[in-house]
Amino acid sequence: MSAILRGRLVWPIVTLVALLVLNVIVEPSFFSIRLQDGHLFGSIIDILRNGAPTVLVALGMTLVIATRGIDLSVGAIVAICGALACSMIAASPHPGSVSTVMLAVGASLVLAIVLGLWNGLLVSVIGIQPIIATLILMTAGRGLAMLITQGQIITVTSAPYKVIGGGYWLSLPASILIAAVMFAITAVLTRKTALGVLIESVGINPQASRLAGVRSRSIIWTVYVFSAVCAGVAGLMISSNVTAADANNAGLWIELDAILAVVIGGTSLMGGRYSLMGTLIGAFIIQTLTTTVYTVGIPPEVTLVFKAIVVIAVCLLQSPAMQARIRNMRRRRALAVKEGVAA
Amino acid sequence: MSVQVSGKAPTFARTGVRRYLPNSRYVSVLVTLALLIVMFAAGSASYRGFFSGQVVLNLFIDNSFLIVLAVGSTFVILTGGIDLSVGSVVGLSTMIAASLLRAGWSPAPVILVVLLAGSTLGLLVGLVIHYFDIQPFIATLAAMFLARGLCYVISLKSISITDPFFTSMAQTQLPLGPDLHLTPSVIVALIIVAAAFFVLHYTRTGRTVYAIGTGDQSAMLMGLPVTRTRILVYVISGFCAALGGVLFTFYTLSGYSLTAVGMELDAIAAVVIGGTILTGGSGYVLGSVLGVLVLGIIQTIISFDGTLSSWWTKIVIGGLLLLFVILQRVFLARKR
């Protein structure tokens, strides 16, 4: 318990708990979950389900940020992958068949990998700053998505495709399960192997880790591909949930939500140490915040102001200057206690 | 970087062909200028009516607000920072202006309030960035959310402006010869560009901006007012965004909470295409103006063509961004 209190996750956890408590006070039935037609329903399930795409994108973003990078193009990749999958399904003669959906999903994920390779190429080989390298795809990507959909909103009626974002499996929404599986795989791959440490070392000092024999170029390349794949899956999820591909609005601002989730979760934008658990909590804070605004009865248009204030508060609390001040205050208090004992 | 092998002491005089080559500092700006001319020539060759003075003037008229935004962003980027909040501040400015005018305020205090609001937001961002050591990216991101949220708080619906001063600013055409005209907004934008040019190249503040971008540690050690200047650039950016918002209301005569979504990216793209290096310390405000004109001419060509779809704008801007960023890389690599 004390380890948790001293750890970097204190503030995120406190924020999340405070938000949940606030919800329960306003709406006592907040935590109730009911089973209907073999599916689970309830506010908590809603938060988990709506938060699944953000969790996925934030997961990829965490690793990118850990290498001292940033990926602004995830929103565009969400739009592109949704657009490709939907237009392939809509164009096929059997939109309802599983093989069509598998083909569309496969093609979208391959495209996501290609886009990730592109970002990785610009960052790790050509050496462009990550903000700018991914800004290029962020600007051009929405155009590409509109090129795929020819500027239309493509709607699809395909039962197997609907499962990804809106279906249920084992009475839980499939999107939650997909996000959970991706999260678990990432956690095991980076924390049970040396990969996580290598990523952190690249983030702390790319030069030194290269000299120490870490292949920083391939690691940086890998994290951008991973981030793009996460965004691609999120894109499939979002377009499947609304059974339509909207090149303009799918995944709009999701890169910002994801970055905020990572920052709130205690991963520094300067790279280095990262916390997947923190990111998960951060993503849920953002999603809960949105839900809270509705339950508390604040007009939904104020959500952004509310979000901005929470973000500013969390960032200020985590900022090095504030941390140093808190540490000083504690030290002074400890000294005062000691002097009091001596006297 | 030729090495002189003659017995004489090496001189810095540029000899031979190099004398006729432009100073390498100006290369990326000149590339942008050349690109602008080539695009204009290509447009003139392909479309009837493209080769006219008014098409050129329209580039300024349709992008006067973006020129002002790009000037503000140039200051921030020269210090090595970034300001993502400008688009939302434009939106917020249009909302404040429209709602105050609807409430019966007269134009002068409205414009003053808008400019003050933008500058104050910039000041807050600057203070947070400097004193709490938060990355500009995150601080301005929060400001972006805040400004956009405040837009929604003011009104969800579009508010139209019927104030006589604002409508006259929208409709006035300053004749500039036969079939040529400008708008007051362009004059405002050009004054801002001139002021920025003066500040950046002829004042201590300007030199400090460049010095911070080159390295804030060394700027501090040189005794330059780093704190004040770093905060100042965000105030300038906020002010420019608010002024851009005012010009935008002159252009659209309405306030709407979703105006200028993503305009910060246009401003950043214009600055990058104009040759300012994103790590700071090198670039010119006139380059940013050229960058805005390049973005404008892409839109003009697409609207003249008529068969190209609007999404090509985004793809072309992305491609140009890539081209210029790689160009920057090549020049930086050669310098080392």
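Residues numbered from 1 in each chain as written. Chains lettered and ligands numbered in written order. Predicted model: local features only at pLDDT ≥ 70, side-chain atom pairs only at ≥ 80, totals over all residues.

Let's talk about the overall build of chain B
Going by this rule: Working definition: helices are DSSP H or I runs of at least four residues, strands are E runs of at least two. Numbering for both runs from the N terminus. C-alpha atoms define the radius of gyration, and 2.2 Å times the number of residues to the power 0.38 defines the globule rule. Burial is judged by counting other C-beta atoms within 10 Å of a residue's own C-beta: 20 or more means buried, 12 or fewer means exposed, and anything between counts as partly exposed, with every C-beta placed from the backbone. Each residue gets a C-beta atom placed from its backbone, and two residues are in contact if those atoms lie within 7 Å.
Secondary structure summary: chain B contains 14 helices and four strands in total. For a compact globule of 336 residues, the expected C-alpha radius of gyration is about 20 Å, and chain B comes in at 21 Å, within 12% of that figure. With 336 residues in all, chain B has 48% of them scored as buried. Considering only contacts within chain B whose residues lie at least 6 apart along the sequence, 78% involve residues at least 24 apart.

Here's the deal with the overall build of chain A
Looking only at helices and strands, one finds 15 helices and six strands in chain A. Its C-alpha radius of gyration of 22 Å places chain A within 12% of the 20 Å reference for a compact globule of 343 residues. Dimensions of chain A along its principal axes, counting C-alpha atoms only, are 90 × 55 × 35 Å. Among the 343 residues that make up chain A, the fraction classed as buried is 48%. Considering only intrachain contacts with a sequence separation of at least 6, the fraction spanning at least 24 residues in chain A is 77%.

Observations concerning the environment of R207 of chain B
Residues and elements named next belong to chain B. In this structure, R207 sits in helix α9 (residues 204-214). When the 16 C-beta atoms within 10 Å are taken as the criterion, R207 is described as partly exposed. Sequence spacing of R207 and G281 is 74 residues, and the spatial spacing of their C-alpha atoms is 9.6 Å.

Focus on helix α5 (residues 98-126) of chain A
Residue and element names in this part refer to chain A. Put simply, the test is: For a helix, the expected span equals 1.5 Å multiplied by the residue count minus one. Bend is the name given here to the angle between axes fitted to two runs of seven residues, the run ending at a residue and the run starting at it.
If you check α5, its first and last C-alpha atoms are 41 Å apart, about what 29 residues at 1.5 Å a residue would give, namely 42 Å. Of all the bends in α5, the largest measures some 30 degrees and sits at G120. Of the residues trailing α5, G127 is marked for its positive phi of about 85 degrees.

So, the interface of chain B and chain A
Defined as follows: Here the term charged refers only to Asp, Glu, Lys and Arg, the term nonpolar to Ala, Val, Leu, Ile, Met, Phe, Trp, Tyr, Cys and Pro, and the term polar to all other amino acids, Gly among them.
Taken together, the contact pairs 35 residues of chain B with 32 residues of chain A. Sorting the residues of the side of chain B that touches chain A by element identifies α6 (136-154), α12 (263-273) and α14 (311-335) of chain B as the ones contributing at least two each. It is α14 of chain B that contributes the most residues to the side of chain B that touches chain A, 12 residues altogether. The residue inventory of the side of chain B that touches chain A, partitioned by class, reads 25 nonpolar, six polar and four charged.

A word on the confidence of the model for chain B
Residue and element names in this part refer to chain B. Spelled out, the test is: Each residue carries a pLDDT score, the predictor's confidence in it, ranging from 0 to 100.
Residues with a pLDDT of 70 or more make up 91% of chain B, whose mean pLDDT is 86. Across residues 1-12, where pLDDT falls below 50, the model places one contact with residues more than four positions away in sequence or in other chains. The complex prediction reports pTM at 0.83, with the ipTM value standing at 0.78.

A look at unusual backbone geometry
Residues and elements named next belong to chain B. At D133, a residue that is not glycine, the phi angle is positive and equals roughly 60 degrees. With respect to the element layout, D133 can be found in the loop between α5 (107-131) and α6. Positive phi outside glycine occurs at L253, with the angle close to 55 degrees. Residue placement: L253 occurs in the loop between α11 (226-252) and β4 (254-255).

Here we look at the nonpolar core
Our working rule: In this usage, the nonpolar core is the set of buried Ala, Val, Leu, Ile, Met, Phe, Trp, Tyr and Cys residues whose C-beta atoms join them within 7 Å.
Of all hydrophobic cores here, the largest spans 209 residues; its most connected members are I80 of chain A together with A142 and L321 of chain B. Among residues more than four places away in sequence, those in contact with A142 of chain B are A308, V311, I312 and C315 of chain A.

Some remarks on the packing of helix α12 (residues 254-264) of chain A against helix α13 (residues 276-296) of chain A
In a packed pair of helices, the relevant descriptors are the angle between the two axes and the axis-to-axis distance. Residues and elements named next belong to chain A. Where we set the bar: In this analysis, axes come from line fits to C-alpha atoms, helices being fitted only over the stretch in contact, and the angle between any two N-to-C directions falls in the range 0 to 180 degrees. Roughly parallel covers angles under 35 degrees, roughly antiparallel covers those over 145, roughly perpendicular covers 65 to 115, and oblique covers all other angles. Left-handed describes a crossing whose near helix is turned anticlockwise from the far helix through less than a right angle; right-handed describes the clockwise counterpart.
Their axes nearest at 7 Å, the elements α12 and α13 cross at an angle of 125 degrees. Looking at the two axes, α12 sits oblique to α13. Where α12 crosses over α13, the two elements pack in a sense that is right-handed. Along the contact surface, α12 presents D257, L260, A261, V262 and I264, while α13 presents T279, G282, A283, I285 and I286. Classifying every residue of the contact of α12 with α13 gives seven nonpolar, two polar and one charged.

Topic: α12 of chain A
A large share of α12 of chain A lies buried, amounting to 11 of its 11 residues. When α12 of chain A is considered as a whole, its buried residues turn out to be I254, E255, L256, D257, A258, I259, L260, A261, V262, V263 and I264 of chain A. Elements that come into contact with the buried residues of α12 of chain A comprise α2 (10-26), α3 (43-66), α4 (74-91), α13 and α14 (303-318) of chain A together with α6 of chain B. Downstream of α12 of chain A by a residue or two, G266 of chain A has a phi angle that is positive, lying close to 95 degrees.

Points about the packing of α4 of chain A against α5 of chain A
Residues and elements named next belong to chain A. Taken N-terminus to C-terminus, the directions of α4 and α5 make an angle of 150 degrees; their axes are 9 Å apart at the nearest point. Our classification of the angle between α4 and α5 gives roughly antiparallel. You can see that α4 and α5 cross each other, and the crossing is right-handed. In this structure, α4 contributes I77, I80, C81, L84, A85, M88 and I89 to the contact, and α5 contributes T100, V101, L103, A104, V105, A107, S108, L111, A112 and L115. Partitioning the contact of α4 with α5 into residue classes produces 15 nonpolar, two polar and no charged.

With respect to the environment of N119 of chain A
All names here are of chain A. Examined against the element boundaries, N119 turns out to sit in helix α5. On the basis of neighbour counts, which here come to 29 C-beta atoms within 10 Å, the residue N119 falls in the buried class. In this structure, the C-alpha to C-alpha distance between N119 and I136, residues 17 residues apart in sequence, is 9.0 Å.

Concerning the environment of I70 of chain A
Residues and elements named next belong to chain A. By the secondary structure assignment, I70 is in the loop between α3 and α4. For I70, a count of 26 C-beta atoms within 10 Å corresponds to the buried category. Along the chain, I70 and T134 lie 64 residues apart, while their C-alpha atoms are 7.7 Å from each other. Apart from residues lying up to four places away in sequence, I70 is in contact with V64, I65, P130, I131, T134 and I259.

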